[in-house]
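Residue-level structure breakdown
In case you want the letters, here they are:
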Amino acid sequence: MPQYEYGAKVRVIRNVRDDGTFYGATIGNMLVKRGSIGYVRDVGTFLQDQIIYSVHFLDEQKTVGCREEELIGGDDPWEPSLYQFRDKVTTKVTLAIEGEVIANPGDVGEILKVISGLPTGFAYHVRFPGRTLQVPEKLLEEVPDA
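Residues numbered from 1 in each chain as written. Predicted model: local features only at pLDDT ≥ 70, side-chain atom pairs only at ≥ 80, totals over all residues. Heavy atoms only, no water.

Quick word on the nonpolar core
Under the convention used in this document: Only buried residues count toward a nonpolar core. Its members are Ala, Val, Leu, Ile, Met, Phe, Trp, Tyr and Cys residues joined through side-chain atoms within 4.5 Å. Summary of the burial criterion: residues with accessible area below 20% of their type's maximum are buried, those above 50% are exposed, and those between are partly exposed, where the area comes from a 1.4 Å probe applied to protein chains only. We count a stretch as a helix when DSSP gives it H or I for four or more residues in a row; a strand needs E for two or more, and each element gets its number in order from the N terminus. Contact definition: two residues touch when any of their heavy atoms are within 4.5 Å.
Core analysis: the biggest nonpolar cluster contains 16 residues, and Tyr4 and Leu71 have the highest contact counts within it. For this core, the secondary-structure elements that each account for two or more residues are β1 (9–12), β3 (30–32), β4 (37–46), β5 (50–57), β6 (62–67) and β7 (71–73). For Leu71, the residues in contact, after removing those within four places along its chain, are Tyr4, Val10, Arg11, Val12, Ile13, Tyr53, Val55 and Cys66.

Here you go:
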């Protein structure tokens, strides 16, 4: 059963990029930024087991297909993470496992996954060259533009 009904106010919690299904856009282009509010226009399925919501975002004047895990209720509390999938970050401290240095400050990593709901706040799966680590948000910073 769908969690959201027709007309429901929802918030998208991840940036939504074109996956090749949005007419007139290029794959990878940003369609809707996380935190945007929209209204459910239709509910359908993909591959018979994934619920897809057709959500109209008034400010963007776009109707975009969203998976249920990308949405929360429009009036639900929402705290955005600092980083998102594919963002480039560096660590503020040296990261090591059993004495083996994995990343030093200045080493560039890429966010693979955002982990929310932890008692300590957000954490991320970050891919550094040769290794993926789960790193708390407070230990990361944005990579300055080159």
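Once you've had a look at it, read on.
Some words on the pairing of strand β8 (residues 88–91)
As a reminder of what qualifies: The criterion for strand pairing is that DSSP finds at least two bridges linking the strands in question.
Here β8 runs beside strand β11 (residues 108–115); their pairing, made up of three bridges, is antiparallel. Across the sheet, Val89 pairs through a bridge with Gly109, a residue of β11. Judged from the three bridges that link them, β8 and strand β14 (residues 140–142) form a sheet pairing that is antiparallel. Each residue of the ladder has a partner; that of Thr90, found in β14, is Glu141.

Considering the pattern of salt bridges
Rules: Note on definitions: salt bridges are taken to be side-chain nitrogens of Lys or Arg within 4 Å of carboxyl oxygens of Asp or Glu.
Per the counting criterion, the structure on display carries five salt bridges. For Arg131, the salt bridge goes to Glu100, with nearest N and O atoms at 3.7 Å. Placement of the pair is Arg131 in strand β13 (residues 131–136) and Glu100 in strand β10 (residues 100–103), with a sequence separation of 31 residues. Residues joined in a network through salt bridges with shared partners are Arg67, Glu69 and Glu70.

Here we look at the environment of Leu139
Topologically, Leu139 is positioned in the loop between β13 and β14. Overall, the relative accessible area of 23% leaves Leu139 in the partly exposed class. Residues Leu139 and Thr94, 45 residues apart in the sequence, show an inter-C-alpha distance of 9.6 Å. Leave out the neighbours within four places in its chain, and Leu139 touches Thr90, Thr91, Lys92, Val93 and Leu95.

Quick notes on the environment of Ala123
Mapped onto the elements, Ala123 comes out in strand β12 (residues 123–128). Exposure remark for Ala123: the relative accessible area of 5% places this residue in the buried category. When the C-alpha atoms of Ala123 and Val43 are compared, they prove to be 31 Å apart, with 80 residues separating the residues in sequence. Beyond its immediate sequence surroundings of up to four residues, Ala123 is in contact with Lys113, Val114, Ile115, Leu118, Gln134, Val135, Pro136 and Glu137.

A short note on the side chain of Gln84
Convention followed: Side-chain atoms alone can form a polar contact between residues adjacent in sequence; in general such a contact is a pair of N or O atoms within 3.5 Å, and within protein one must be able to donate a hydrogen while the other accepts it.
Position of Gln84 relative to the elements: it lies in the loop between β7 and β8. Residue classification places Gln84 among the buried positions, given a relative accessible area of 9%. One polar contact links Gln84 to Ser81, side chain to side chain, over a distance of 2.8 Å. Sequence-distant contacts of Gln84, defined by excluding residues within four places in its chain, comprise Ile13, Arg14, Asn15, Arg34, Ile111 and Val114.

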